[in-house]
Amino acid sequence: MAKKYKYSFAGKKEVREGRGAVVLSSLSLALFFISISMSFITEGNAGIVTGAFGLFSFLCAVYGFYLGLSLLRTTQKGHGIAAVGSITSGIVALMWLAVFLMGLK
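Residues numbered from 1 in each chain as written. Predicted model: local features only at pLDDT ≥ 70, side-chain atom pairs only at ≥ 80, totals over all residues. Heavy atoms only, no water.

Is there a simple way to think about the overall build of the chain in this case?
When helices and strands are counted, the chain shows three helices and zero strands. Tracing the chain from N to C terminus, the helices and strands come up as α-α-α. Residue pairs at least 24 apart in sequence account for 75% of intrachain contacts in the chain once pairs closer than 6 positions are excluded. (Helix = DSSP H or I, 4+ residues; strand = E, 2+ residues; numbered from the N terminus. Contact = heavy atoms within 4.5 Å.)

Written out as structure tokens, the structure is:
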């Protein structure tokens, strides 16, 4: 008679710093939409404040992407939150890169 193996999947705890990656990506996304809407409302003459929001948003997105990727290397922990933060930050950074490249046209 064959042995019956019992498997149990213990709930892995999420990486605590993964929340930081999600917060940074959310902040970056919010600042992206604020900057784009301010520029749209003023018809492209928003000034230095919008540029500062944009630069800060891009830097938050890049750091959130880096933080999320570095947290994915950990073992014995859940990676769901870190993956969401990393993917969202990467998408926002690509959106800022697209906006910047459209401005060089």
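Having put the structure on the table, let's press on.
Which parts of the structure should I look at to understand the nonpolar core?
Here is a general trend for soluble globular proteins: nonpolar side chains tend to be buried in one another's company. Counting residues in hydrophobic clusters, the biggest one holds six residues: A21, L24, C60, L67, L71 and A82. The element contributing the most residues to this core is helix α2 (residues 48–71), with three residues. If sequence neighbours within four positions are ignored, L24 has contacts with C60, Y63, G64 and L67. (Core = buried A, V, L, I, M, F, W, Y, C linked by side-chain atoms within 4.5 Å. Buried < 20%, exposed > 50% of the residue type's maximum accessible area, 1.4 Å probe, protein only.)

Looking at this structure, how should I read the packing of aromatic side chains?
Aromatic rings in a pair are described by how distant their centres are and how their planes are angled relative to each other. Evaluation of the coordinates by the stated rule reveals three aromatic pairs. Between the aromatic rings of F32 and F33, the centroid separation amounts to 5.5 Å while the plane-to-plane angle is 70°, which identifies the pairing as edge-to-face. Accessibility expressed as a relative area gives 8% for F32, which makes it buried. Relative to W96, the ring of F32 lies with its centre 4.9 Å away and its plane at 85°, an arrangement referred to as edge-to-face. (Phe/Tyr/Trp six-rings, centres within 6.5 Å; stacked < 30°, edge-to-face > 60°.)

Please clarify how the packing of α2 against helix α3 (residues 80–104) should be interpreted in this entry.
Each pair of packed helices can be summarised by the angle the axes make with each other and by the distance between the axes. Look at α2 against α3: their axes get within 8 Å of each other, and the N-to-C directions meet at 145°. As for how α2 packs across α3, the hand of that crossing is left-handed. Within the contact between the two elements, α2 uses G54, S57, F58, A61, G64, F65, G68, L69 and L71 and α3 uses A82, G85, S86, S89, G90, V92, A93 and W96. Considered class by class, the residues forming the contact of α2 with α3 number nine nonpolar, eight polar and no charged. (Axes fitted to C-alpha atoms, helices over the stretch in contact; angles between N-to-C directions. Left-handed = near helix turned anticlockwise from the far one by under 90°. Nonpolar A, V, L, I, M, F, W, Y, C, P; charged D, E, K, R; others polar.)

It is not clear to me how the side chain of S86 should be interpreted in this structure. Could you clarify?
As for its placement among the helices and strands, S86 is situated in helix α3. On the basis of relative accessibility, which here comes to 4%, the residue S86 falls in the buried class. Apart from the residues lying within four places of it in its own chain, the contact partners of S86 are G64, F65, G68 and L69.

For this particular structure, what's the right way to read the side chain of S25?
With respect to the element layout, S25 can be found in helix α1 (residues 18–41). With relative accessibility at 2%, the residue S25 sits in the buried group. One polar contact links the side chain of S25 to the main-chain carbonyl oxygen of V22, over a distance of 2.8 Å. (Polar contact = N/O pair within 3.5 Å; in protein donor to acceptor, adjacent residues only side chain to side chain.)

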